[in-house]
Amino acid sequence: MNLSIIIPAYNEEKLIAACLASVREAVAACGRGDLAYEVIVCDNNSTDATAHVAREAGARVVFEPVNRIALARNRGAAAAGGEWLLFIDADSRLAAATLSAMLDAAESGRCAGGGSTIDLVPRPWWGGLLVRAWEVVSRTMGWAAGSFVFCRADAFREAGGFPPEMAAGEELGLSLRLKRWGKARGLRFVILTGAPHVSSGRKFYLYSPREFLGILWKMALSPRRSLKDTSISRHLYDGRR
């Protein structure tokens, strides 16, 4: 199998090296001698040393000038040569168990793509409630979390990739597109549950509960409009790290 691991990154010089190290360790621990892989970091117009750190760690770096994560993910995918694509976040850590489960699903020949349950660490008590609530929604609706999405490369391209107009929630848009693409071909969209993918819970401490509730309230009032409103993604690009 040929796998492209794509990591969008904006001002992630503090965490990108550890993320890339986790990818190398996960691949080595999987023991899949037939796995060929590449790692692509999409520098989403960073103002720090993200691109330099990623290159020093052995990743291929591409550039997306517009600060929008959907565009960064799509730019990374455009440069990918793998038969399968795996998108993870720069503040996450890829575990061998999660990668193995993803490879098993890919090699089964029965799915077009999928996601994984997630865990965010560290986190406050209320953050744990949000994580558990998201897991219920993800498993019930078949929606992937943005920190871990995988799919066939041909499915990604034919389905149209991440919706470029979405400022947030682009993983939900892709999940729906891949589910439709797969259904037409008798393929599933799966949510892996055996080994949650771990990402940083730093946003729980960088943003107040009031700020979180404000975003959730805005999305609840008008989900379609708010997810296309660039102001809702300002927490991704406001410099807090």
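Everything below is about the structure shown above.
Rules and cut-offs
Residues numbered from 1 in each chain as written. Predicted model: local features only at pLDDT ≥ 70, side-chain atom pairs only at ≥ 80, totals over all residues. Heavy atoms only, no water. Helix = DSSP H or I, 4+ residues; strand = E, 2+ residues; numbered from the N terminus. Buried < 20%, exposed > 50% of the residue type's maximum accessible area, 1.4 Å probe, protein only. Pairing = 2+ DSSP bridges. Expected span 1.5 Å × (residues − 1). Contact = heavy atoms within 4.5 Å.

Student: Go over unusual backbone geometry, please, and point to the residues and values.
Tutor: Following Val121, the chain continues to Pro122 via a peptide bond in cis, the omega torsion being -10 degrees. Structurally, the position occupied by Pro122 is in the loop between strand S6 (111–121) and helix H5 (125–141). Despite not being glycine, Asn45 shows a phi value in the positive range, around 65 degrees. Judged by its relative accessible area of 29%, Asn45 falls in the partly exposed class.

Student: Describe the pairing of strand S4 (residues 84–88), with residues and values.
Tutor: Most of S4 sits out of view: five of its five residues are buried. Both faces of S4 are covered, namely the face carrying Trp84, Leu86 and Ile88 and the face carrying Leu85 and Phe87. Sheet topology note: the S4/strand S7 (residues 148–152) ladder contains five bridges and is antiparallel. Residue pairing across strands places Leu86 opposite Phe150, the latter belonging to S7.

Student: With reference to specific residues and values, describe helix H4 (residues 96–107).
Tutor: Here H4 spans 16 Å end to end across 12 residues, near enough to the 16 Å set by a 1.5 Å rise per residue. All of the buried residues in H4 are Thr98, Leu99, Ser100, Met102, Leu103, Ala105 and Ala106. Buried residues along H4 sit in contact with strand S1 (2–9), helix H1 (16–30), S4, S6, S7 and strand S8 (188–200). Positive phi shows up at Gly109, right after H4, with a value of about 75 degrees.

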